[in-house]
Amino acid sequence: DTEVTQTPKHLVMGMTNKKSLKCEQHMGHRAMYWYKQKAKKPPELMFVYSYEKLSINESVPSRFSPECPNSSLLNLHLHALQPEDSALYLCASSQVETGGFNEQFFGPGTRLTVL
Amino acid sequence: GENVEQHPSTLSVQEGDSAVIKCTYSDSASNYFPWYKQELGKGPQLIIDIRSNVGEKKDQRIAVTLNKTAKHFSLHITETQPEDSAVYFCAATLYSTLTFGKGTMLLVSP
């Protein structure tokens, strides 16, 4: 299995809602990532988990809360979002490389719209 | 931190032509350079990559070259087909973090 899956595919939420995005991989990867991608822009790194521990937080607002319950799952909890948070949220996974060779595999993304 | 410049932003070719996309990076410590293809409504797909100890790598119609001295790397697609139409991102890896270029929209006309 060489696939990263994400659910839901689309999500529409109000600014007062609480929702979660889910990501799963069964490639045995021990590094997992959340990216945010706005239209016609490259992905921007939000969070990195390595061996289920948060290793990088790219100064993301606290209304985004990541969680890594086990080595195969990654969640992103959303609360009190703003319309400007509307974007494609991508999950990726990779081996934990000590040499910096970081072959990341991306999921299809969740298209989030905040009203 | 690393900075990656990518050119051109848009590239239109006729089916069967070759396409070349170029990227430069700023930090000589970067050692891994993947290329991703992103089709509309989908996540980025890794199509080819190259490590800093290699100068060229080829996979069927796709090739990547790396010039470490000049700090630039390029994607070459030969015999382009309409299904090659997509946005292509180059990236450079420093300390296991990917830094992406701004992307190139490739349009292949039949």
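Residues numbered from 1 in each chain as written. Chains lettered and ligands numbered in written order. Predicted model: local features only at pLDDT ≥ 70, side-chain atom pairs only at ≥ 80, totals over all residues. Heavy atoms only, no water.

*Asks:* How should I be thinking about the overall build of chain A in this particular structure?
*Replies:* Along the backbone of chain A there are 0 helices and 11 strands. Listing every helix and strand of chain A by position from the N terminus yields β-β-β-β-β-β-β-β-β-β-β. Along the first, second and third principal axes, the C-alpha set of chain A runs to 40 × 30 × 25 Å. Classification of the 115 residues of chain A by burial places 46% in the buried group. Residue pairs at least 24 apart in sequence account for 55% of intrachain contacts in chain A once pairs closer than 6 positions are excluded. Of the roughly 5,700 Å² that chain A leaves accessible, carbon and sulfur atoms contribute 51%. Averaging the coordinates of the 12 positive side-chain charges in chain A and doing the same for the 11 negative ones gives two points 9 Å apart. (Helix = DSSP H or I, 4+ residues; strand = E, 2+ residues; numbered from the N terminus. Buried < 20%, exposed > 50% of the residue type's maximum accessible area, 1.4 Å probe, protein only. Contact = heavy atoms within 4.5 Å. Areas by Shrake-Rupley, 256 points an atom, 1.4 Å probe, with all protein chains shown as cover. Lys, Arg positive; Asp, Glu negative; His and termini not counted. Charge placed at Lys NZ, Arg CZ, Asp CG, Glu CD.)

*Asks:* Can you help me understand the nonpolar core in this one?
*Replies:* Counting 24 residues, the largest nonpolar core has Trp35, Phe73, Leu75, Tyr88 and Leu106 of chain B as the members making the most contacts within it. Residues Leu21, Met32, Leu76 and Cys91 of chain A belong to the second largest nonpolar core, which totals 23 residues. (Core = buried A, V, L, I, M, F, W, Y, C linked by side-chain atoms within 4.5 Å.)

*Asks:* When you look at the pairing of strand β2 (residues 10-14) of chain B in this model, what are you seeing that I'm missing?
*Replies:* The side chains of a regular strand alternate between both faces of the sheet. Residue and element names in this part refer to chain B. Covered by surrounding structure in β2 are Leu11 and Val13 only, the residues Thr10, Ser12 and Gln14 on the alternate face being uncovered. Relative to strand β11 (residues 104-109), β2 is paired through 5 bridges, and the arrangement is parallel. By the bridge assignment for β11, Ser12 is matched with Leu107. (Pairing = 2+ DSSP bridges.)

*Asks:* Sorry, what's going on with unusual backbone geometry here?
*Replies:* In the segment running from Thr7 of chain A into Pro8 of chain A, the intervening peptide bond is cis, with an omega of -10 degrees. With respect to the secondary-structure elements, Pro8 of chain A resides in the loop between β1 (4-7) and β2 (10-13). A cis amide bond, omega -5 degrees, links His7 of chain B with the succeeding residue Pro8 of chain B. Structurally, the position occupied by Pro8 of chain B is in the loop between β1 (4-7) and β2. Unlike most non-glycine residues, Lys40 of chain A shows phi in positive territory, near 65 degrees.

Read these as layout, nothing more, since geometry by itself doesn't imply function.
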